[in-house]
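A look at the structure
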Amino acid sequence: AYRTDEGQPWVLPVVKKVEQLIANDGSLNHEYLPILGLPEFRANASRIALGDDSPAIKENRIGSVQSLGGTGALRIGAEFLRRWYNGNNNTATPVYISSPSWENHNSVFVDAGFKDIRTYHYWDAAKRGLDLQGLLDDMEKAPEFSIFILHACAHNPTGTDPTPDQWKQIAAVMKRRFLFPFFDSAYQGFASGSLDKDAWAVRYFVSEGFELFCAQSFSKNFGLYNERVGNLTVVGKDADNVQRVLSQMEKIVRTTWSNPPSQGARIVATTLTSPQLFAEWKDNVKTMADRVLLMRSELRSRLESLGTPGTWNHITEQIGMFSFTGLNPKQVEYMIKEKHIYLMASGRINMCGLTTKNLDYVAKSIHEAVTKIQ
Amino acid sequence: SSWWSHVEMGPPDPILGVTEAFKRDTNSKKMNLGVGAYRDDNGKPYVLSCVRKAEAMIASKKMDKEYLPIGGLADFTRASAELALGENSEAFKSGRYVTVQGISGTGSLRIGANFLQRFFKSSRDVYLPKPSWGNHTPIFRDAGLQLQAYRYYDPKTCSLDFSGAMDDIAKIPEKSIILLHACAHNPTGVDPRQEQWKELAAVVKKRNLLVYFDMAYQGFASGDINRDAWAVRHFIEQGINIVLSQSYAKNMGLYGERAGAFTVICSDAEEAKRVESQLKILIRPMYSNPPLNGARIASIILNTPDLRKEWLVEVKGMADRIIGMRTQLVSNLKKEGSSHNWQHITDQIGMFCFTGLKPEQVERLIKEFSIYMTKDGRISMAGVTSGNVGYLAHAIHQVTK
């Protein structure tokens, strides 16, 4: 979760404003939402992902399912794919998840009934970057119709994203081999500070004519973590296909949570449909992204000034909340035990934990860990 | 071509279909009796005053929006268990239970169904009363269980087929799962009396069945939360370690906020901890952690003495209005000159009433009178008001005389 420079959670000012509007609106009640969710939320959430000028939206071949956070969107998509993709109830369709990835990805697809969950090469520990060749090789070798979980931006946990050129290569292979793109978009806007930039990959795939799913989370970019606001965007070949897909997703939703919670969706819909609030939101998002970017550049420059062995450009080349520092488990143990700095054994740090007050201490600690422990 | 060419169009939801048709109707006298949500005497949604007060308290506290734990808001789950079990319950006081927050009734049922599928290896069979809430069957099926039935509703008398139920339950294979509606049976409104519940508990215990209680209307049925939870508490007192799903959609009017809970009564607190850990493992890949808003409202109401008192008054008010409408409907039917026995309308309890109307009669009510209900003759009493009960009685009389 995001933290301010004081190390505190941050309720976005626009969210506070909108919550007040909702609280003051006596005409609102707590009635059930439709099974697929609040219509204004669904349409606008998908529009945020796909872009105002999306050909898919213009051609009326998109659908949306309001979900319980990004996790809920992934789960509904996974349940649907297990029932209807590549035949009927084909639990044998391979599902490829990046190595590494968010640990819950695996569980989502296992619990949805898939029996063959594989990894694809992603993180190159030696060069501390994307193993593009390994990734493309895995896609070449993957059985046709395999499902690939792609992080739309700000890859969790490595913070390493393909460049636009690399995305183009990935898309080309996926198209040729009939692989299904299932995007996980948990950080749109939060990564670079620009909604459009962070959605580039998803939009590119749409422009290349793919049918795809995109699980969106508004936990981070709206700071609405505990309201569970997410959206599953479906892009299909035409309206008729999308309509049938949605009708089946509705059945899945009905036996999982019946209909989604209204509070968070109302906040997002109200914000996205008001030009003024929308501008304010983008500003709030940029505030968060900029702070993280600042911490990245500050940490890197300190490490370079200290002459810490190794290269540290990956700290600023990586993007989003997390960074794979490259620290090995022993060095991580040193950080935790000796310096009381808590990070994952993988060397992943949450950039949001950095503040102007602790930057020096963290940089010095990393320096010590790297020089003392090999 | 599309990946989805072979995907069939899903059938329209039968209950939603009723509301869709209702919306399209231009008759000014139209009535929506399919709606499963409470309406006040003006036919409007009712936001409880205690809910508004709780919301004001929340707004003034300016809390953050950090993730809840996977199992939900602790103050909520504890208060929810206490509400169901009773503050003097041995099971509650000893801590030999686990309660996790669920996505209202459906989400809680589904967590339970998934949990049973994974950990209750004795049987794949869930026995539902005939009839039951339409969504029970697909919930359990999607969780990987199989559905069976036991006799429950007697269409000849529009009341409980108690001997049929006892006969069927006595024959259920040991260690199967049986689902019981704690109160205000949906869709029939037919509940066992307390003496009948005692016999049901005895036979269920004898057959060593796993009891799954669905309690979606505590307080909303009779107006008394303790009375409505009587069966649940009795079974536990008889040493039956039940599992239970609760909903706050109706009794607190929190429909769209999705406040609910799933409880497992365990042998001891240590077992409860182990069960809890497994429930969390099930929940995490479903939606990670639950939504806060509804649970926090419910928690504040349950845990703030003044608000709790106010809630008890308001929930009784809703129950009383429904009971009043039942009485008025029957007296209006008599006034219309109907010679049929409509006693079941006042004998039944809760939001729904199984009128006993046949499909053709329902069809006529929809087409000729713009009165919308599901084909099985179920009406939501919540849609009846002092302003339209006369019209309803008139219409029912016309199609049944």
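Residues numbered from 1 in each chain as written. Chains lettered and ligands numbered in written order. Predicted model: local features only at pLDDT ≥ 70, side-chain atom pairs only at ≥ 80, totals over all residues. Heavy atoms only, no water.

1. Let's talk about helix α6 (residues 132-141) of chain A
Counted only if it meets this: Here the term buried applies to any residue with accessible area under 20% of the maximum for its type, exposed to any over 50%, and partly exposed to those in between, with areas from a 1.4 Å probe on protein chains only. Under the scheme used here, helices are H or I runs from DSSP no shorter than 4 residues and strands are E runs no shorter than 2 residues, and both carry numbers assigned from the N terminus. Contacts were defined at the residue level, with two residues in contact if any of their heavy atoms lie within 4.5 Å.
Along α6 of chain A, the positions that sit buried rather than exposed are Leu132, Gly134, Leu135, Leu136, Asp138 and Met139 of chain A. Those residues of α6 of chain A that are buried are in contact with β3 (117-121), β5 (129-130), β6 (147-151) and α7 (164-176) of chain A.

2. Some thoughts on the domain arrangement of chain A
Residue and element names in this part refer to chain A. Spelled out, the test is: Start and end positions for the domains come from either an automated domain assignment or a database one. Take the accessible area each of two parts loses on contact, using a 1.4 Å probe, and add the two losses: that sum is the buried area. Criterion for a salt bridge: a side-chain nitrogen of Lys or Arg within 4 Å of a carboxyl oxygen of Asp or Glu. For this analysis, a polar contact is any N or O atom pair within 3.5 Å, provided that within protein one partner can donate a hydrogen and the other can accept it, and provided that sequence-adjacent residues contribute only side-chain to side-chain pairs. Asp, Glu, Lys and Arg are counted as charged, while Ala, Val, Leu, Ile, Met, Phe, Trp, Tyr, Cys and Pro are counted as nonpolar; the rest, among them Gly, fall into the polar class.
Domains assigned within chain A are domain 1 (13-273) and domain 2 (290-372). Just the C-alpha atoms count here: the centres of domain 1 and domain 2 sit 30 Å apart. The partner domain 2 presents 16 residues to the 15 residues of domain 1 that form the contact. Here domain 1 meets domain 2 over a buried area of about 1300 Å², counting both sides, of which 64% is carbon and sulfur. For domain 1, the biggest contributors to the area lost against domain 2 are Arg128, Pro157 and Phe190; these three give 41% of the whole. Linking domain 1 with domain 2 are zero salt bridges. Where domain 1 packs against domain 2, one counts four residue pairs in polar contact (both at pLDDT 80 or more). Looking at side-chain class alone, the side of domain 1 that touches domain 2 contains seven nonpolar, five polar and three charged residues.

3. What to know about the UniProt feature "domain: Aminotransferase class I/classII large" (unreviewed entry) in chain B
Cut-off, in case you're wondering: UniProt positions are given in the numbering used here, feature names are shortened, and annotations may be inferred rather than shown by experiment.
UniProt records the feature "domain: Aminotransferase class I/classII large" (unreviewed entry) at residues 29-396 of chain B, using the numbering of this structure. Secondary structure across residues 29-396 of chain B comprises 47% helix and 15% strand; the distance between its end C-alpha atoms is 14 Å.

4. Section: the packing of helix α15 (residues 359-369) of chain B against helix α16 (residues 389-400) of chain B
Residues and elements named next belong to chain B. Our working rule: Note on definitions: angles span 0 to 180 degrees between N-to-C directions of axes, and those axes are lines fitted to C-alpha atoms, for helices only across the stretch in contact. For classification purposes, an angle smaller than 35 degrees is called roughly parallel, one larger than 145 roughly antiparallel, one from 65 to 115 roughly perpendicular, and anything else oblique. By definition, any crossing whose near helix is turned counterclockwise from its far helix by less than a right angle is left-handed, and any crossing with a clockwise turn is right-handed.
Between α15 and α16, the shortest axis-to-axis distance is 10 Å and the interhelical angle comes to 125°. Relative to α16, the element α15 lies oblique. The handedness of the crossing between α15 and α16 is right-handed. Taken together, the residues of α16 that come into contact with α15 (itself represented by Gln361, Arg364, Leu365 and Phe369) are Tyr391, His394, Ala395, Ile396, Gln398, Val399 and Thr400. The class makeup of the residues in the contact of α15 with α16 is six nonpolar, four polar and one charged.

5. Topic: the pairing of strand β7 (residues 180-185) of chain A
Residue and element names in this part refer to chain A. Stated precisely, the cut-off is as follows: For two strands to be treated as a pair, DSSP must find at least two bridges joining them.
Here β7 lies mainly inside the structure; six of its six residues are buried. Alternating positions in β7 separate into two faces, Phe180, Phe182 and Asp184 on one and Pro181, Phe183 and Ser185 on the other, with burial throughout. Of the pairings in the sheet, the one linking β6 to β7 comprises five bridges and is parallel in character. When the bridges of β7 are listed, phenylalanine 148 appears paired with proline 181. Bridge analysis of β7 against strand β8 (residues 212-217) gives four bridges, and the strand direction is parallel. Along β8, the bridge assignment pairs phenylalanine 182 with phenylalanine 213.

6. Regarding helix α12 (residues 275-306) of chain A
Definition in use: Take the number of residues in a helix, subtract one, and multiply by 1.5 Å to get its expected span.
For α12 of chain A, built from 32 residues, the straight-helix expectation of 46 Å at 1.5 Å per residue is met to within 8% by its first-to-last C-alpha distance of 46 Å. A positive phi of about 75° marks glycine 307 of chain A, the residue just after α12 of chain A.

7. Side note on the pattern of salt bridges
A full pass over the atoms with the stated rule returns 39 salt bridges over all chains. In this structure, glutamate 79 of chain A engages arginine 82 of chain A in a salt bridge whose closest nitrogen and oxygen atoms are separated by 3.3 Å. Taken together, the positions of glutamate 79 of chain A and arginine 82 of chain A, both in helix α4 (residues 69-84) and three residues apart, correspond to about one turn of that helix. Looking at arginine 82 of chain A, the relative accessible area reads 15%, which means it is buried. Ionic contacts of the salt-bridge type, sharing partners, join the residues Arg75, Glu79, Arg82 and Arg83 of chain A together with Asp142 of chain B into one network.

8. Details of the sheet that holds strand β9 (residues 243-247) of chain B
All names here are of chain B. Ordered in space as β2-β10-β9-β8-β7-β3-β4, the seven strands form an open sheet in which the pairing is mixed. With one partner strand each, in any of the chains shown, β2 (97-103) and β4 (146-151) form the two edges of the open sheet. Going from strand to strand, the sheet's axes swing by 25° on average, the running direction of each strand aside. Examined bridge by bridge, strand β3 (residues 125-130) and β4 share six bridges and lie parallel to one another. Along β4, the bridge assignment pairs proline 129 with tyrosine 150. Here helix α5 (residues 104-119) sits on the sheet and contacts β2, β7 (177-181), β8 (210-215), β9 and β10 (259-265); the angle it forms with β2, its principal contact strand, is near 125°. Each of β2 and β10 is contacted by helix α11 (residues 269-287), which is oriented at about 15° to β2, the strand it contacts most.

9. Description of the interface of chain A and chain B
Taken together, the contact between chain A and chain B spans 61 residues of the former and 58 residues of the latter. Carbon and sulfur atoms make up 53% of the area that chain A and chain B hide from each other, which totals about 5200 Å². One salt bridge connects arginine 83 of chain A with aspartate 142 of chain B, and the closest N-O pair in it is separated by 3.2 Å. In this structure, the connection of chain A to chain B is made through 39 residue pairs in polar contact (both at pLDDT 80 or more). Looking at the side of chain A that touches chain B, the elements that each hand over two or more residues are α1 (13-24), α4, α5 (103-111), α10 (239-256) and α11 (262-272) of chain A.

10. Thoughts on the environment of arginine 82 of chain A
Residue and element names in this part refer to chain A. Separated by 10 residues in the primary sequence, arginine 82 and alanine 92 have C-alpha atoms spaced 8.8 Å apart. Sequence-distant contacts of arginine 82, defined by excluding residues within four places in its chain, comprise Asn89, Asn90, Thr91, Ala112, Gly113 and Phe114. A polar atom in the side chain of arginine 82 sits 2.7 Å from the side chain of asparagine 89.

11. Overview of the environment of glutamate 55 of chain B
Along the chain, glutamate 55 of chain B falls in helix α2 (residues 49-61). A residue is classified by how much of its surface remains accessible, and glutamate 55 of chain B, at 25% relative accessible area, is partly exposed. Between the C-alpha atom of glutamate 55 of chain B and that of isoleucine 300 of chain B, which follows or precedes it by 245 residues, the distance is 9.0 Å. With near-sequence residues (within four places) excluded, glutamate 55 of chain B lies in contact with His30 of chain A together with Ile297 of chain B.

12. A short note on the nonpolar core
Put simply, the rule reads: Residues grouped as a nonpolar core are buried Ala, Val, Leu, Ile, Met, Phe, Trp, Tyr and Cys residues, joined through side-chain atoms within 4.5 Å.
Among the nonpolar cores identified, the biggest contains 68 residues, and Trp311, Leu329, Leu365, Ile371 and Leu392 of chain B are the most heavily contacted of them. Elements that contribute at least two residues to this core include exactly α2, α3 (74-85), β10, α12 (292-303), α13 (305-336), β11 (352-354), α15 and α16 of chain B. Each of domain 1 (14-46 + 319-399) and domain 2 (67-303) of chain B contributes no fewer than three residues to this core. One finds Ala73, Trp84 and Ile97 of chain A together with Leu179 of chain B within the second-largest nonpolar core, a separate group that totals 66 residues.

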